[in-house]
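If you want the building blocks of each chain, they are given just below.
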Amino acid sequence: MGIAEDEFEAALPALAMTAFSDLSNRTNPRMPLISELTELLRLGYAGGEPRAD
C-alpha cells in the first residue's frame, strides 16, 4: 500500500487503541489485549502467521 514501516510503527499505538475501543469488541467471546491487537496489526502489515500459543 506504500506505507513506510517507520510511519506504520509510529501510528501503531493509536491504531491498536482505536481497535481496542471499537464497540464490536463487545461481541467477542473474550476481550483482546492491546498487545494482541498490536501483534495482529503488525502481522497484517508484514504478512505473516499468528503464533499458536
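Scroll up to find the structure.
Residues numbered from 1 in each chain as written. Predicted model: local features only at pLDDT ≥ 70, side-chain atom pairs only at ≥ 80, totals over all residues. Heavy atoms only, no water.

Considerations on the overall build of the protein
Formally: Only DSSP runs of H or I covering at least 4 residues are called helices, and only runs of E covering at least 2 are called strands; the numbering of each starts at the N terminus. The buried label goes to any residue with under 20% of its type's maximum accessible area, the exposed label to any with over 50%, and the partly exposed label to all in between, with areas taken from a 1.4 Å probe on protein chains only. Computed with the Shrake-Rupley method and a 1.4 Å probe, the accessible areas treat only the protein chains shown as cover for residues.
Scanning the protein from N- to C-terminus turns up two helices and zero strands. Of all 53 residues assigned to the protein, the portion counted as buried reaches 15%. Taken as a whole, the protein presents about 4400 Å² of accessible surface, with 59% of it coming from carbon and sulfur.

A word on the pattern of salt bridges
So the rule is basically this: Each salt bridge in this description consists of a side-chain nitrogen of Lys or Arg and a carboxyl oxygen of Asp or Glu lying within 4 Å of one another.
Under the counting rule described, the total for this entry stands at two salt bridges. Ionic pairing is found between Arg-30 and Glu-36, a salt bridge with its closest N-O pair at 3.0 Å.

Points about helix H2 (residues 34-46)
Selection criterion: An expected span of 1.5 Å times one less than the residue number is assigned to each helix. Residues count as neighbours in contact if any of their non-hydrogen atoms are within 4.5 Å of one another.
The end-to-end C-alpha distance of H2 is 18 Å, a good match for the 18 Å that 13 residues give at a rise of 1.5 Å each. Listed in full, the buried residues belonging to H2 are Leu-37, Thr-38 and Leu-43. The secondary structure elements touched by the buried residues of H2 are helix H1 (5-21). At the C-terminal side of H2, Gly-47 shows a positive phi close to 75°.

Quick word on the packing of aromatic side chains
For clarity, the threshold we go by: Pairing of aromatic rings covers Phe, Tyr and the six-membered ring of Trp, with a centre-to-centre limit of 6.5 Å; geometry is then stacked below 30 degrees between planes, edge-to-face above 60, and tilted otherwise.
Evaluation of the coordinates by the stated rule reveals one aromatic pair. Arranged with centres 4.4 Å apart and planes meeting at 10°, the rings of Phe-8 and Tyr-45 form a pair that is stacked. With Phe-8 in helix H1 and Tyr-45 in helix H2, the pair connects residues that are 37 residues apart, well separated along the chain. Accessibility expressed as a relative area gives 10% for Phe-8, which makes it buried.

Comments concerning H1
Keep this limit in mind: Values of bend correspond, residue by residue, to the angle between axes fitted over the seven residues ending at that residue and the seven starting there.
For H1, which comprises 17 residues, the first-to-last C-alpha distance of 24 Å matches the rise-based estimate of 24 Å (1.5 Å per residue) to within 8%. Along its length, H1 shows its largest kink, about 45°, at Leu-12, and proline Pro-13 lies within four residues downstream of that point. Within H1, the full set of buried residues consists of Phe-8, Leu-12 and Ala-16.

Nothing here speaks to function; it is geometry throughout.
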